[in-house]
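# Breakdown of the fold
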Amino acid sequence: MNKLFLQQIQIAEPFQLLSREERKLFGEGLPSGSLRRMSSLGVMICYLLKKMNLNDVQQVVYASRHGETNALEGYMDSFPHPSPAKFQTSIHPSSVQQVFIALQQPVPYFLPLAGSTHSILKALQVSLTLQQSPLLILGEEPGSWLVDLGMAYPRGALCMMALSTDESGAIAELEWSAEETAYFSPDLFEWINLLQKREHLQLSAPELGTLSMIWL
């Protein structure tokens with residue numbers, strides 16, 4: 001058994017690519033050079049991070065089904081003269097890296113997960129096995145033409161969860177068991193909807209066991 005407690009949670013409602021005005025609003029306080037290079041998802045991560053009372057982030061677990069969607073589309077659109085910068089961004093978890101680099105905040109442990117149909121469940125399980133105080137970031141960036149190919153979502157979404165071994169002040173309890181229950185593995189949009197309803201949850205998938213979440 002592994003157990004952690006949810007101390008803080010921040011959610012961004014589904015969003016489209018940010019306009020110039022929205023980038024300035026949500027990225028307030030960031031250096032202009034950093035803000036100009038950041039993805040829409042990176043700006044939203046920075047915005048929610050500022051709402052969380054986190055003095056020292058030692059562990060970050062990041063999960064995304066499709067990753068840096070907009071950068072990948074931009075890279076493909078740049079042919080026949082492919083952009084090295086967009087290629088680099090498209091193959092890295094840049095939305096998270098951009099934020100902590102801009103804030104000049106080192107993170108000793110960073111684990112990115114991408115491409116899995118069970119990315120939410122796997123990210124939660126990984127976070128629980130750390131048995132410390134990880135920051136879990138679940139994010140998707142909106143796409144355009146990749147949506148029609150089933151390789152992107154039409155809207156972006158973001159959920160950030162600060163977990164801890166300390167029960168005091170917790171708002172929910174998360175526990176992982178190797179036993180499997182009825183199959184239920186939501187995507188990020190379903191997960192956010194369930195969190196907003198504050199319902200007790202059980203996530204499970206073959207060979208992944210069960211993640212239980214109880215609101216306190």
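Details of the structure are given in the entry above.
Predicted, not measured: the structure shown is a model, and the values here were computed from it.

## Thoughts on a nonpolar patch on the surface
On the surface, Met-76, Phe-79, Trp-145, Leu-149 and Met-151 cluster together into a nonpolar patch covering about 490 Å² of accessible area. Examined against the element boundaries, Phe-79 turns out to sit in the loop between helix 4 (69-77) and helix 5 (84-90).

## As for the environment of Leu-211
Mapped onto the elements of the fold, Leu-211 is located in strand 8 (residues 209-215). Those residues within four positions of Leu-211 in sequence are excluded, and the remaining contacts are Leu-121, Leu-124, Leu-128, Leu-174, Glu-175, Trp-176, Leu-201, Gln-202 and Leu-203.

## Some remarks on the sheet that holds strand 8
Taking strand neighbours across the sheet as the criterion, the eight strands line up as 3-2-4-5-1-6-8-7 in an open arrangement whose pairing is mixed. Two strands in the sheet have a free side with no partner beyond their single neighbour: strand 3 (109-114) and strand 7 (201-205). Between one strand axis and the next, the sheet turns through 20 degrees on average, direction left out of account. Bridge analysis of strand 1 (residues 2-15) against strand 5 (residues 156-164) gives eight bridges, and the strand direction is antiparallel. Residue Phe-15 lies in a different strand from strand 5, and its bridge partner there is Gly-156. Where helix 7 (residues 119-130) meets the sheet, it contacts strand 1, strand 2 (59-64), strand 3, strand 4 (135-140), strand 5, strand 6 (172-177), strand 7 and strand 8, and its direction lies at approximately 170 degrees from that of strand 2.

## Quick look at the pairing of strand 2
Counted residue by residue, strand 2 has six buried out of six residues, so it is predominantly covered. Relative to strand 3, strand 2 runs parallel, the two sharing six bridges. From the neighbouring strand, Ser-64 faces strand 3, where its bridge partner is Ala-114. As paired elements, strand 2 and strand 4 share four bridges and run parallel to each other. Its bridge partner being in strand 4, Val-61 is matched across the sheet by Leu-136.

Rules used in this analysis
Residues numbered from 1 in each chain as written. Predicted model: local features only at pLDDT ≥ 70, side-chain atom pairs only at ≥ 80, totals over all residues. Heavy atoms only, no water. Patch = residues over 30% accessible without salt bridge, like charges linked within 9 Å, V, L, I, M, F, W, Y side chains within 5 Å. Areas by Shrake-Rupley, 256 points an atom, 1.4 Å probe, with all protein chains shown as cover. Salt bridge = Lys/Arg side-chain N within 4 Å of Asp/Glu carboxyl O. Helix = DSSP H or I, 4+ residues; strand = E, 2+ residues; numbered from the N terminus. Contact = heavy atoms within 4.5 Å. Pairing = 2+ DSSP bridges. Axes fitted to C-alpha atoms, helices over the stretch in contact; angles between N-to-C directions. Buried < 20%, exposed > 50% of the residue type's maximum accessible area, 1.4 Å probe, protein only.

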